[in-house]
Every structure is written in C-alpha cells, then in structure tokens.
Amino acid sequence: QIQLVESGGGLAQPGGSLRLSCALSGVRHGYYDMGWYRQNPGKQRELVARISAPGDTSYTNSVKGRFTISRTNADMTIYLQMNSLKPDDTAVYYCNAILWGQDYWGRGTLVTVSS
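Okay, so let's go over this structure. Per chain, the residues get numbers from 1 upward, laid out in the order the sequence is written. Reporting of local features is limited, given that this is a predicted model, to residues whose pLDDT is at least 70; pairs of side-chain atoms are given and counted only at 80 or more, and all residues count toward the totals for whole chains, interfaces and linings. Here the side-chain values reflect all heavy atoms present in the structure, with hydrogen atoms and water set aside.

In this text, helices come from DSSP runs of H or I with a minimum length of four residues, and strands from runs of E with a minimum of two, each type numbered from the N-terminal end. Along the protein, the regular secondary structure elements total 0 helices and 11 strands. If you list the helices and strands of the protein from N to C, you get β-β-β-β-β-β-β-β-β-β-β. Principal-axis analysis of the C-alpha atoms gives the protein an extent of 45 × 25 × 20 Å. Categorising residues by exposure relies on relative accessible area from a 1.4 Å probe, with only protein chains included: less than 20% of the type maximum marks a residue as buried, more than 50% marks it as exposed, and the intermediate range marks it as partly exposed. The buried share of the protein, taken over its 115 residues, is 41%. Counting only contacts in the protein whose residues sit at least 6 apart along the sequence, the fraction spanning at least 24 positions is 53%. Total accessible area on the protein stands at roughly 6300 Å², and carbon and sulfur atoms take up 47% of it. It only takes one pair of heavy atoms within 4.5 Å for two residues to be counted as in contact. The Shrake-Rupley method, run with a 1.4 Å probe, gives the accessible areas here. Residue values count only the displayed protein chains as cover.

Moving on: the environment of Ile-98. Take Ile-98: it is sitting in strand E9 (residues 91-99). Accessibility expressed as a relative area gives 34% for Ile-98, which makes it partly exposed. Between the alpha carbons of Ile-98 and Val-113 there is a distance of 29 Å; along the sequence they are 15 residues apart. Filtering out sequence-adjacent residues up to four positions away, Ile-98 remains in contact with Asp-33, Arg-50 and Asp-103.

What follows covers the packing of aromatic side chains. Here the aromatic set is Phe, Tyr and Trp, taking the six-membered ring for Trp, and pairing holds for ring centres within 6.5 Å; pairs whose planes are under 30 degrees apart are stacked, those over 60 apart are edge-to-face, and all others are tilted. Enumeration according to the criterion identifies 2 aromatic pairs in this entry. Seen from their ring centres, Tyr-32 and Trp-100 are 6.1 Å apart, and the 70° between their planes marks the pair as edge-to-face. Placement of Tyr-32 in the loop between strand E3 (18-25) and strand E4 (33-39) and of Trp-100 in the loop between E9 and strand E10 (102-105) is noted, with a sequence separation of 68 residues between them. Aromatic side chains Tyr-37 and Trp-105 sit 5.0 Å apart centroid to centroid with 70° between the ring planes, which places their arrangement in the edge-to-face category. Residue Tyr-37 is found in strand E4, and its partner Trp-105 is found in strand E10; the two are separated by 68 residues along the sequence. Here Trp-105 falls in the partly exposed class, since its relative accessible area comes to 35%. To sit over a ring, a charge needs its Lys NZ or Arg CZ within 6 Å of the ring centre and within 35 degrees of the ring normal. The aromatic ring of Tyr-94 is capped on one face by Arg-45, whose charged end is 3.7 Å from the ring centroid.

Quick look at the structure:
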C-alpha cells in the first residue's frame, strides 16, 4: 500500500521557521517526483515546491528564497525547510508523489503562522 505520511506542522511566529517531512512507503526504493502543496479553506490547492526524480527543484514565486525542498533517498523522505515565515504561509500542507502517472497525496499537516 502506497502511503505518504507528513509531519512537522504546527504554530510558528512570523519570521520563524518550521521543517516539514514526508515519508513515502509501499513502493520500491528509488527516485520519484515529489512535492509540497498547500491549501486554505475555500481556495484551490497550490503548488509550493517540487523535486524531480533527478533532483531538480522548483518553487512558487512567493516562497523563493525562504523555503527549501530536499530529500534523503535512503528512506525516501522529502523535507520542506520553511524560513522567514509569514502569516500568508498559513495553510494545510500536503505531500504529493507522482508515481507512474498517478497522483498520490498525504493527509496534510497544518502550518499556522501567527503572533
């Protein structure tokens, strides 16, 4: 059974940092196209950052220079290091993997940025 399990959400103050993790399991060990999305109530889910199977990264403009996506292939985990957090970063963050043309999603982890 393919699973994506996120962790690391919580409350941070503006200007603070959080680190999200997402572990992929249920597939053969390898390199996969994975990413982070976020969503607020009543809004569309939006792409935050992606890392391709070869390791290329991309970011939405609003997080460039503040967020960093990375991975450890030993345990097929991706991370999202979020620095200089802003209240606008508040959302439920979802991990995504594209496996053989199909989207898989984690359950999401809530990030709240507030003083």
